Amino acid sequence: MKWIIRIFSGLLCSWLCASLASCGHDSPEPQLSKASRTVLVYMVATNNLGTDGADTDDLAEMQKAADNGDLGSGRLLVYHAPADASAPRLIEITAKGQTVLNTYESGTSATAARMNLVLDDMKALAPAESYGLVLWSHATGWLQDGIVEEAVQPRSFGSDFGKRMNITTLRSVLEGRGIEYVYVDACYMATVEVAYELRNVTTHIVGSASELPRDGMPYDLNVKHLIGGTRDDLVKAATNTFDLYNSKEDPQLRTCTMAVIATDALDDLAAATAGIYRLTPLPHPGKDVTNYRGTARQGYSIDFGEYVNALSTASSLEPSLADSFNAALARTVVYAAATDKLWDMWPIHNHSGLSTYVFNNSTDYSIKGYDTLEWFDDVVSHHLH
């Protein structure tokens, strides 16, 4: 009798196992859960910012934010290229600390190949519904004297042992990446030329038209807004950065400009600007306009809104042209704030949120590769008669 029971039990077990296997085969494979947003801080500290410890200070601020629960359902990654020339690392910061996700060869952080690789790793190792990018290093705006592909040419973003990445190269890297916003924690990147170059690769750009103090943004306050990533979040992050410096008691440290730029309005702004430039040949009244580099009132970083309005007034243009320009500018710059002076030395007469290159002679348009920019082709070329 027992052997009959054993046979029956074996058959029952086999049937159950087959049934379970069949159900498992019909079920979908388990999927890796996606974060709401992954934020990558691309930190190139192989320069005096790194030797001064600004990178470690900011990493500590990020850890503080994570410890406070500010990541929510998002993830925070940092590509950290340190000043001591050790291997750059892609790390993830969580409330449990820092985890190294990958390591890389030193000395190539300002190349398209390296940034492409890191962005690929970000999506593979920290998939999310959306992505935000923070650029951390030195920067000089639109100036096209950095790296194109792998060749050094006559700096836009980054300073990696002296190597720099042109803004046109940055655009090519970010194309098709689905980066929802770019927050530039570096100097001079809120230029209309930079914004226009990046208008088709991201929806919002946050940056400064002037030099940004060494401490950069307060990550302990801003991480939650970077994870949130909405326009209101980005405005709050920019406001936190501005308030940090505007509240300084020492007037020499009370220096900052910040702006949030909506890229979907930049084509209208370009059209309105070109309409004015067609009617206003050089020379121009640039010497009377705010310069964010604090030097003579003409050059690489003149206030864009102030300049175009001064140009329109000096040329006695039809007021509707300036009205169209200012309306487009208001749609483009959704937040702008500036201290009264830069470093307690150079007054800011009017802060539109964007700067631009101003030159007196048409032969100056090729300086620093300005004529390689889309803004030159679509807008400034109409200014040359």
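Residue numbering note: each chain is counted from 1, following its sequence as written. Where totals are concerned, whole chains, interfaces and linings use all residues; where local detail is concerned, this predicted model gives features only for residues with pLDDT of at least 70, and gives and counts side-chain atom pairs only at 80 or more. By convention in this description, side-chain values take in all heavy atoms of the structure and omit both hydrogens and water.

K.L.:
Would you explain the sheet that holds strand β4 (residues 97-103) in this entry?
P.N.:
Across a sheet, paired strands are connected by hydrogen bonds in the backbone, their directions being either parallel or antiparallel. Spatial strand order, β4-β3-β2-β1-β5-β10-β11-β12-β14: nine strands in an open sheet with mixed pairing. Only two strands of the sheet have a single partner each, and these edge strands are β4 and β14 (333-338). Taken pair by pair, the neighbouring strands of this sheet meet at an average axis angle of 15°, ignoring direction. We call two residues in contact when some of their heavy atoms are within 4.5 Å. All axes here are fitted lines through C-alpha atoms, helices being fitted over the stretch that makes contact, and every angle between N-to-C directions spans 0 to 180 degrees. Helix and strand assignments follow DSSP, with helices taken as H or I runs no shorter than four residues and strands as E runs no shorter than two, numbered in order from the N terminus. Here helix α4 (residues 112-125) sits on the sheet and contacts β1 (38-44), β2 (75-81), β3 (89-94), β4, β5 (131-136) and β10 (179-185); the angle it forms with β1, its principal contact strand, is near 150°. Whether two strands pair comes down to DSSP finding at least two bridges between them.

K.L.:
I tried to follow the confidence of the model for the protein on my own but got confused; where do I start?
P.N.:
Low pLDDT marks regions whose predicted coordinates should not be analysed in detail. On average, the protein scores 86 in pLDDT, and the residues at 70 or more come to 85%. Within a predicted model, pLDDT stands for the predictor's per-residue confidence, ranging from 0 to 100. With pLDDT under 50 throughout, residues 1-31 is counted as low confidence; its partners more than four residues away or in other chains account for zero contacts. The low-confidence segment residues 147-155 (pLDDT under 50) makes 27 contacts with residues lying over four places distant or belonging to another chain.

K.L.:
What should I look at first to understand the packing of helix α9 (residues 266-277) against helix α10 (residues 304-314) in this one?
P.N.:
Helices that pack against each other are described as a pair by the angle of their axes relative to one another and the distance between those axes. The N-to-C vectors of α9 and α10 enclose an angle of 35°; their axes lie 10 Å apart at closest approach. By crossing handedness, the relation of α9 to α10 is classed as left-handed. Residues Leu269, Thr273, Ile276 and Tyr277 of α9 pack against Phe304, Tyr307, Val308 and Leu311 of α10. Working rule for handedness: look at the near helix, and if it is turned counterclockwise from the far one by less than a right angle, call the crossing left-handed; if clockwise, right-handed.

K.L.:
How should I be thinking about the environment of Asn309 in this particular structure?
P.N.:
Checked against the element boundaries, Asn309 lands in helix α10. Summary of the burial criterion: residues with accessible area below 20% of their type's maximum are buried, those above 50% are exposed, and those between are partly exposed, where the area comes from a 1.4 Å probe applied to protein chains only. On the accessibility criterion, Asn309 (23% relative accessible area) is partly exposed. For the pair formed by Asn309 and Ile276, sequence separation is 33 residues and the distance between their alpha carbons is 9.4 Å. Here a polar contact is recorded for every N or O atom pair within 3.5 Å, except that within protein the pair must consist of a potential hydrogen donor and a potential acceptor, and residues adjacent in sequence are included only if both atoms are side-chain atoms. A distance of 2.8 Å separates the side chain of Asn309 from the backbone oxygen of Gly305, its partner in a polar contact.

K.L.:
Help me understand unusual backbone geometry in this model?
P.N.:
Among all residues except glycine, the phi angle is most often negative; among peptide bonds, the trans geometry is most common. The phi dihedral of Asp344 is positive, around 60°, even though this residue is not glycine. Relative to the helices and strands, Asp344 is located in the loop between β15 (341-342) and β16 (346-347). Backbone geometry places Lys368, a non-glycine residue, at a positive phi of 55°. Within the element layout of this structure, Lys368 appears in the loop between β17 (355-356) and α12 (374-378).

K.L.:
When you look at helix α7 (residues 219-228) in this model, what are you seeing that I'm missing?
P.N.:
Since one α-helical turn is 3.6 residues long, residues separated by three or four positions face the same way. Of all the ten residues making up α7, seven are buried; the element is thus mostly covered by neighbouring parts of the structure. Residues of α7 that are buried include every one of Tyr219, Asp220, Asn222, Val223, His225, Leu226 and Ile227, and no others. Next to the buried residues of α7 lie β1, α3 (54-67), β2, β5, β10 and α8 (231-246). One or two steps after α7, the chain reaches Gly229, where phi turns positive at roughly 75°.

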